[in-house]
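Report on the structure
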Amino acid sequence: MDLTLCGQSAFYYHRIPPQILGLYPAISLGNMDRRCCGLGSHAVVKDLLHAPLHRIVFTRAQSGSRSLFKSHLLTQEPPPGSFRQTEHGFDVTSPEFTLLNLATQVSRNQLLMACYEMCSSFAVYTPCKRAQRQLDEAISLKLIPPNCGWERVIDVNGKDTNLWKRTPLLSAADIAAFAKQAAGLRGVKQLRWAAERMTGQTASPFEVQTSMLISLPRDEGGMGINIANNVRIPLSDAARSLYDKTCCYADILIESATDSMGVILECQGRSAHDSEAASLSDAERATALTSMGYDVIQITFGQIKDKKSFDHIAELIHKRLDFPTPQRPNRSAPPKSPCGKSYLSIGLSYSPSSRPASS
């Protein structure tokens, strides 16, 4: 039997750090019966993927356990490169095709969150107890290096978070190009919508949520302000004397139409900013950017989670940009809170304290 994971199952797979994937044996699908009833007890499924498995089927006659599989019939040939082989005995849809699958199963805001994660320098993943134990043992015995290209973010107390730093799997341009190739397939319209609303590469779900609240059009729950993420800002000689770096990266940059350099929003997550040394570095960085003419606004997760608090931040942004303060945005259907069901329903849950260190 062949197995090709798609949708939510493929999304879970693409989030799993390689140092954890490497600890698990391959699945021998050829030794299973037609309905693959024994597959649900395999460690890869129990610990990493979780049932039901979303899979692609090519004929309606293909059958399997309904408690184990959620089948999706593919009726049109997808673009080349839409499937990838894994080392665990099954295939998986590419990140682009995975997002297209999700487009028909989740809300637009959920899809946009997933696109941001695929195109950014983070992943959200919490190992189960057995996976964590195996990982700790393998690292302590020096059987594997601790990172393998993915680095786990540690909080200020030295404890593991569910946030991992890694290189992006895609870019917004990759998604747009795939959507063009996949014209006619279900979900393309939604995927194109998401690609058009991405504002750059982010470093945490907190930055994703803030970017959506600032940049989405007003009739979609945002402020409708053009922004850019992860913008490199070379420091002047004077700024370097205040902050001993040659450049820094703005979490969110809003360019100004006036003589001002613009507004920089810094997303202050607890894991990176609660220590005395980190707070001092943040202060020096903000002072250096201010000396160059930028307005720096530091925001916390609690401030974007609370509607009243965020409305005050919106007013502050308009004031700093010298924009006329509009009527309050239509927040009747805003992007869901990072801790809300919008993230949880497709496995995008995370701790708001999880935040990688600033550049």
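In this report, we go over the structure that sits alongside the text. Remember, predicted model here, so these are calculated numbers, not experimental data. (Residues numbered from 1 in each chain as written. Predicted model: local features only at pLDDT ≥ 70, side-chain atom pairs only at ≥ 80, totals over all residues. Heavy atoms only, no water.)

Observations concerning the overall build of the protein
Under the convention used in this document: The way it works is that DSSP assigns letters per residue, a run of H or I at least four long becomes a helix, a run of E at least two long becomes a strand, and they are numbered from the N terminus. The cut-offs for exposure are 20% and 50% of the maximum accessible area for each residue type, with area from a 1.4 Å probe on protein chains only; residues under the lower value are buried, those over the upper are exposed, and the others partly exposed. The contact definition used throughout considers only heavy atoms, calling two residues in contact when any of these lie within 4.5 Å.
Assigned secondary structure in the protein consists of 15 helices and 12 strands. For the protein, with 359 residues in total, the buried portion stands at 50%. Sequence-distant contacts, at least 24 apart, represent 68% of the contacts inside the protein between residues at least 6 apart.

Concerning the packing of aromatic side chains
Test applied: Only Phe, Tyr and Trp rings take part, Trp by its six-membered ring, and two of them pair if their centres are within 6.5 Å. Stacked means planes under 30 degrees apart, edge-to-face means over 60, and tilted covers everything else.
Counted under the stated rule, the structure contains 5 aromatic pairs. Ring centres of F83 and F97 lie 5.7 Å apart, and the angle between their planes is 80°; this geometry places the pair in the edge-to-face category. Here F83 is found in strand β4 (residues 83-85), whereas its partner F97 is found in helix α4 (residues 95-103), with 14 residues between them in sequence. For F83, a relative accessible area of 31% translates into the label partly exposed. For F97, a relative accessible area of 2% translates into the label buried. Measuring from ring centre to ring centre gives 6.2 Å for F97 and F178, while their planes differ by 45°; the resulting arrangement is tilted. One end of the pair, F97, is in helix α4; the other, F178, is in helix α7 (residues 172-181), with 81 residues separating them in the sequence.

Re unusual backbone geometry
Note that the residue after A51, namely P52, is joined by a cis bond; omega there is 0°. For P52, the position within the fold is in the loop between α3 (43-49) and β2 (53-57). Look at H50: it is not a glycine, yet its phi comes out positive at around 70°. With respect to the helices, strands and loops of the structure, H50 is situated in the loop between α3 and β2. A relative accessible area of 40% places H50 in the partly exposed class. A positive phi angle is found at N230, which is not glycine, with a value near 55°. Relative to the helices and strands, N230 is located in strand β9 (residues 228-234). With relative accessibility at 32%, the residue N230 sits in the partly exposed group.

Topic: the pairing of strand β11 (residues 262-267)
Both faces of the sheet carry side chains from a regular strand, because those side chains alternate between them. In plain terms, the rule: Two strands make a pair as long as DSSP finds a minimum of two bridges between them.
The buried count for β11 comes to 6 of 6 residues, which makes it a mostly enclosed element. Along β11, one buried face is formed by G262, I264 and E266 and the opposite face, lined by V263, L265 and C267, is buried too. Bridge count between strand β10 (residues 247-254) and β11: 3 bridges; the pairing is antiparallel. When the bridges of β11 are listed, I252 appears paired with L265. Bridge count between β11 and strand β12 (residues 294-299): 6 bridges; the pairing is parallel. Within β12, the position partnered with C267 by the bridge is I299.

Thoughts on empty space enclosed by the protein
Regions of empty space are outlined by a rolling probe, equal in size to a water molecule, passed over the atoms. We count it as follows: Site definitions follow a grid-based scheme: protein atoms alone, a 1 Å grid, a 1.4 Å probe that fits but cannot get out for cavities, and for pockets an open set with protein on both sides within 12 Å along at least five of seven lines, plus lining residues having an atom within 4 Å of a point. Grid points are joined across faces, edges and corners, and a volume is the space filled by probe spheres set on the points. Note that Gly is not counted as nonpolar here; it falls among the polar residues with everything else outside the nonpolar set of Ala, Val, Leu, Ile, Met, Phe, Trp, Tyr, Cys and Pro and the charged set of Asp, Glu, Lys and Arg.
According to the stated counting rule, one finds 2 cavities of 30 Å³ or more in the structure shown. Each pocket or cavity is described by its volume, and for the largest cavity that value is around 50 Å³. Residue lining of the largest cavity: E266, Q268, D282, R285, A286, L289, V296 and Q298, and that is the complete set. Only α12 (276-291) and β12 provide two or more residues apiece to the lining of the largest cavity. In terms of residues, the lining of the largest cavity owes the most to one element, α12, which gives 4 residues. Among the residues forming the lining of the largest cavity, the class breakdown is 3 nonpolar, 2 polar and 3 charged. Space inside the second largest cavity adds up to approximately 40 Å³. Forming the boundary of the second largest cavity are F11, H14, R15, E117, M118, A123, R166 and L169. Looking at the lining of the second largest cavity, the elements that each hand over two or more residues are α1 (7-15) and α5 (108-118). Among the elements that make up the lining of the second largest cavity, the one with the highest residue count is α1 (3 residues). Along the lines of polarity and charge, the residues of the lining of the second largest cavity split into 4 nonpolar, 1 polar and 3 charged.

Section: the layout of surface pockets
Size it by volume and the largest pocket reaches roughly 350 Å³. Looking at the largest pocket, it is lined by 15 residues, and the ones nearest its centre are H72, L73, L74, N101 and R186. Within the residue set of the lining of the largest pocket, elements represented by two or more residues are β3 (69-73) and α4. Take the lining of the largest pocket: its biggest share by element is 3 residues, from α4.

Without other data, these values stay purely geometric and don't point to any function.
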